[in-house]
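Here is what each chain is made of, one letter per residue.
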Amino acid sequence: MSNNLLKGKRGIVFGALNDKSIAWKVAEKAVEQGATITLSNTPVAIRMGDTKALAEKLNTIIIPADATNVEDLKKVFEESMEALGGKIDFVLHSIGMSMNMRHNRSYDDLNYEFFDRTLNISAISFHKMIQIAKEMDAISEGGSVLALTHIAAQRTFTGYNDMADAKALLESIARSFGYVYGRDKGVRVNTISQSPTLTTAGQGIDGMNAFVDFAEKMSPLGNADAEECADYCIVMFSDLTRKVTMQNLFHDGGFSNMGLTQAVVDDYIEKK
Ligand SMILES: NC(=O)c1ccc[n+]([C@@H]2O[C@H](COP(=O)([O-])OP(=O)(O)OC[C@H]3O[C@@H](n4cnc5c(N)ncnc54)[C@H](O)[C@@H]3O)[C@@H](O)[C@H]2O)c1
């Protein structure tokens, strides 16, 4: 159902790989809500994933970019403004990757080149994206920039590995740039901290199925799915949240404020 919350707005969605991706759902909902958008992902993801099918469905273009490369990012903003006919109103950073996780390197046996890449791809790319946009004055006043994060930034979760450090940095960048961009150009910057979700990136986390089950039982409203995360992103892109900036917003069915639920107690006693 459309409420035209994004009518007339122009956006860029980074990170739609396949129909499980959170960015995929955001792209679909943004168009449904009246926005025009461009998509971006790495050349290899565009080749191997389903991004082209999404672009066809939404009648839009894909601009290939490695989000760690500032020249690529510059191109994304230039070509998006050209294709959409003006400054950008919202940007979604839905990007994460850890080579240490892919190679099963534990947190006390990290490969440091991989660690650099984790931080660069999953967090510093957010800084690069925003800095380039600001230099180019590519985002209109009142614009909204969002990245997706996880509660492993605040608390330790087994298996989350070096992505926890990347998420802590990502959230810090949102605060620091939220101040600077808000002060200078009236642009807001936030992160949404999402429940565990069974996407391609999500499934790379060691023990993910157990975590999904545990989080479901620890959340009074249950886990939030990708579709619901996309709904929250749409609200954050809309004019209904004009004064929300520099925040890490939990979207997790209440998980982040729970200590222990009866469902977990019952489960534990049953298994003992
Ligand atoms: N799935 C979860 O449980 C969960 C929970 C909280 C937050 N998140 C975050 O949500 C975001 C989206 O992940 P998802 O779960 O939809 O998985 P996904 O695998 O569908 O998306 C990850 C995307 O990152 C892209 N990417 C990787 N390296 C890149 C690079 N160098 N440049 C540009 N793009 C690159 C991939 O191509 C892919 O499209 C990530 O930041 C992830 O950490 C996911």
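Residues numbered from 1 in each chain as written. Predicted model: local features only at pLDDT ≥ 70, side-chain atom pairs only at ≥ 80, totals over all residues.

Under an unreviewed UniProt entry, the name given to the protein is Enoyl-[acyl-carrier-protein] reductase [NADH], and the organism recorded is Dysgonomonas hofstadii. As stated in UniProt under Catalytic activity (unreviewed entry), the record for the protein gives "a 2,3-saturated acyl-[ACP] + NAD(+) = a (2E)-enoyl-[ACP] + NADH + H(+)". (UniProt positions renumbered as here; feature names shortened; annotations may be inferred.)

Trainee: I would appreciate a short explanation of the site of the ligand in the present structure.
Mentor: Neighbouring the ligand are 26 residues, the closest being Ser21, Gly96, Thr199, Ala201 and Gly202. Among the elements that line the shell around the ligand, the one with the most residues is helix H8 (residues 200-203), at three residues. Split by residue class, the shell around the ligand holds eleven nonpolar, 14 polar and one charged. (Near = placed C-beta within 6 Å. Helix = DSSP H or I, 4+ residues; strand = E, 2+ residues; numbered from the N terminus. Nonpolar A, V, L, I, M, F, W, Y, C, P; charged D, E, K, R; others polar.)

Trainee: Please clarify how the environment of arginine 102 should be interpreted in this entry.
Mentor: Along the chain, arginine 102 turns up in helix H5 (residues 99-102). The spacing of arginine 102 and glutamine 33 is 69 residues in sequence and 36 Å in space, taken between C-alpha atoms.

Trainee: What exactly am I supposed to notice about the pairing of strand S1 (residues 10-14) here?
Mentor: In terms of burial, S1 is a largely internal element, five of the five residues being buried. Residue alternation in S1 divides its side chains into two sets, Arg10, Ile12 and Phe14 and Gly11 and Val13, and both sets are buried. Pairing geometry for S1 and strand S2 (residues 36-40), over five bridges, is parallel. Bridge assignment links phenylalanine 14 to a residue of S2, and that residue is serine 40. For the segment spanning S1, helix H1 (residues 22-32) and S2, crossover handedness is right-handed. In this sheet, strand S3 (residues 88-93) lies alongside S1 in parallel orientation, the contact comprising four bridges. Within S3, the position partnered with isoleucine 12 by the bridge is valine 91. (Buried ≥ 20, exposed ≤ 12 C-beta atoms within 10 Å, placed from the backbone. Pairing = 2+ DSSP bridges. Right-handed = clockwise from strand over helix to strand, strands pointing away.)

Trainee: Would you explain the UniProt feature "binding site: NAD(+)" (unreviewed entry) in the protein in this entry?
Mentor: Mapped onto the present numbering, the UniProt feature "binding site: NAD(+)" (unreviewed entry) falls on Gly15, Ser21, Ile22, Ile95 and Lys167. Inspection of the secondary structure assignment puts glycine 15 in the loop between S1 and H1. If sequence neighbours within four positions are ignored, glycine 15 has contacts with Ser21, Ala23, Asn41, Ser94 and Ile95. Here serine 21 is to be found in the loop between S1 and H1. (Contact = placed C-beta atoms within 7 Å.)

Trainee: What should I look at first to understand helix H7 (residues 163-185) in this one?
Mentor: For H7, built from 23 residues, the straight-helix expectation of 33 Å at 1.5 Å per residue is met to within 8% by its first-to-last C-alpha distance of 31 Å. Taken as a whole, H7 carries its principal kink of about 25 degrees at phenylalanine 177. Restricting attention to buried positions, one finds in H7 the residues Met163, Ala164, Asp165, Ala166, Lys167, Leu170, Glu171, Ile173, Ala174, Phe177, Gly178 and Tyr181. The positive-phi residue at the C-terminal boundary of H7 is glycine 186, with phi of around 70 degrees. (Expected span 1.5 Å × (residues − 1). Bend = angle between axes of the 7 residues up to and from the residue.)

Trainee: Sorry, what's going on with helix H6 (residues 112-135) here?
Mentor: Structural remark: α-helix, 3.6 residues per turn; residues separated by three or four positions point the same way. Largest kink in H6: about 50 degrees, centred on isoleucine 124. Among the residues making up H6, those that are buried are Thr118, Ser122, Ala123, Ser125, Phe126, Met129, Ile130 and Ala133. Where H6 is buried, its residues contact helix H4 (70-84), S3, H5, strand S4 (139-149), H7 and strand S5 (188-194).

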